[in-house]
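Analysis of the macromolecular model
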Amino acid sequence: RPHYQDYDVKPTELYQAIEAKEWEFALVKLKEDPEQASVWIIRKESNNTEKIRWKMLPMHAAVIFKAPAKLIKALIAAFPPCIKMVDDIGMTPLHHGMKEGMDDEVMDILISNHPHALIDRDTKGMTPLDHTKSSAKPFRGAGLRAYTAAAVMCERERVTDELTKKYQAAINNSEADKKITALANENEVLEGQLNASTAHLAKFMQTYGAMKSRVESLSSVLSIMVQEQDKILSMATQQQKDMAAAALVRERMMQAVAKQDDEMMSTAQQSRDVMKDIATKQKEYFQTVATDLAELFASQALRTKRTPTAEGSGKEIG
């Protein structure tokens, strides 16, 4: 496998998974091929293919894209030196983590595996702590305590190493007493620097406390706003339900009125039909009565005309 792979030609599958934030797929690829953790991904300038624009290991990319702690641990297990290696601008994974804002657990993993990264400087002469000034998510809580403890430990180790080296050089020199005095003076200076660093860290923690209080206050206000919004939405929903219920009642009333109108129209029509039938029957009855009366009168008139007189029977009255 080549030690470098071009980002624009064919980056490793592990790097592609990290860039896409497909953490489980990245773990699978790392398990299948652990060697991918040691392959540098490079990108060249478009107008000058001989010049490298940037380079990084999968570990750098994992920290930049905020991979979970289990992937960070797996990358270290697959390629332990990755925790110490720097990219094209001299930044270790811890530099990138401080700049991008990482979780406390990831910070603890990076510091515990390589504490001296706390005092490493990139090509701009910046330590990881210097990059927190531009971070959108400053470290806090357990991460801050781990950083402070490791920073103090590294500073003490550095001071001790410097003093030990200078002391060893002094005792091998004929002017040992003068050099020991000079070392003691330097020790005082270094202790002053250490005290200044401790004071700086204490001031930083005070600033963090004020920021934390501000964030908690804003969170409280936001919570109240969300509750009020929920109330307004609930009232709006209830109003919509009430309006829908009123519309349904109005529709049913209109249906009932329409039905009542139809029934009244039907009843009126039935009344008109009954009156018309009565009028027809009355007319037929009067006609029948008139006919019967006419026939009766005619019959009586005929009998009167045929009635016999005292002078003779069977003679018509003239």
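Quick note: structure is the one above.
Before going into details, it helps to say that this report is about the structure given with it.

So, how was this worked out
- Here the residue index of a chain counts from 1 through its sequence in written order.
- With pLDDT at 70 or above as the cut-off, local features in this predicted model cover only qualifying residues; side-chain atom pairs require 80 or more to be listed or tallied, and sums for whole chains, interfaces and linings still use all residues.
- To get the side-chain values, take all heavy atoms of the structure and skip hydrogens and water.
- Here the aromatic set is Phe, Tyr and Trp, taking the six-membered ring for Trp, and pairing holds for ring centres within 6.5 Å; pairs whose planes are under 30 degrees apart are stacked, those over 60 apart are edge-to-face, and all others are tilted.
- Ring-over charges, as used throughout, are those where CZ of Arg or NZ of Lys falls within 6 Å of the ring centre and within 35 degrees of the ring normal.
- We define a salt bridge as a contact between a side-chain nitrogen of Lys or Arg and a carboxyl oxygen of Asp or Glu at a distance within 4 Å.
- Runs of E in the DSSP output that reach at least two residues are strands. Runs of H or I that reach at least four are helices, and both are numbered from the N terminus.
- Between buried and exposed lies partly exposed: a residue is buried under 20% and exposed over 50% of the maximum accessible area for its type, with that area taken using a 1.4 Å probe on protein chains only.
- For two strands to be treated as a pair, DSSP must find at least two bridges joining them.
- Inter-axis angles, ranging from 0 to 180 degrees, are taken between N-to-C directions of lines fitted to C-alpha atoms, where helices are fitted over the stretch in contact.

1. Some remarks on the packing of aromatic side chains
This model, assessed by the stated rule, comprises 3 aromatic pairs. Where tyrosine 7 meets tyrosine 15, the ring centres are 5.9 Å apart and the plane angle is 90°; that geometry is what we call edge-to-face. Clustering of aromatic rings is evident, with ring pairs tying together Tyr7, Tyr15 and Trp54. For the cation-ring pair, lysine 55 lies above tryptophan 40, with the distance from its terminal atom to the ring centre recorded as 4.7 Å.

2. Focus on the pattern of salt bridges
Taken as a whole and assessed by the stated rule, the structure comprises 6 salt bridges. In this structure, lysine 29 engages glutamate 13 in a salt bridge whose closest nitrogen and oxygen atoms are separated by 3.3 Å. Of this pair, lysine 29 sits in helix H2 (residues 23–32) while glutamate 13 sits in helix H1 (residues 13–19), and the two are 16 residues apart along the sequence. Judged by its relative accessible area of 13%, lysine 29 is buried. Residue class for glutamate 13 comes out partly exposed when judged on its relative accessible area of 40%. The partner of glutamate 228 in a salt bridge is lysine 231, with the nearest N and O atoms 3.8 Å apart. Placement of the pair is glutamate 228 and lysine 231 together in helix H9 (residues 176–306), with a separation of 3 residues, close to one helical turn. For lysine 231, a relative accessible area of 51% corresponds to the exposed category. Overlapping salt bridges bring together Glu13, Lys29 and Glu32 as one network.

3. What about the sheet that holds strand S3 (residues 48–56)?
An order of S1-S2-S3 is seen for the 3 strands of this open sheet, with the pairing classed as mixed. What marks the edges here is a single partner per strand, and that holds for strand S1 (4–6) and S3. Taken over all neighbouring pairs, the strand axes of this sheet differ in orientation by 40° on average, direction set aside. When S1 meets strand S2 (residues 40–45), the two strands line up parallel, connected through 3 bridges. The residue of S2 that forms the bridge with tyrosine 4 is tryptophan 40.

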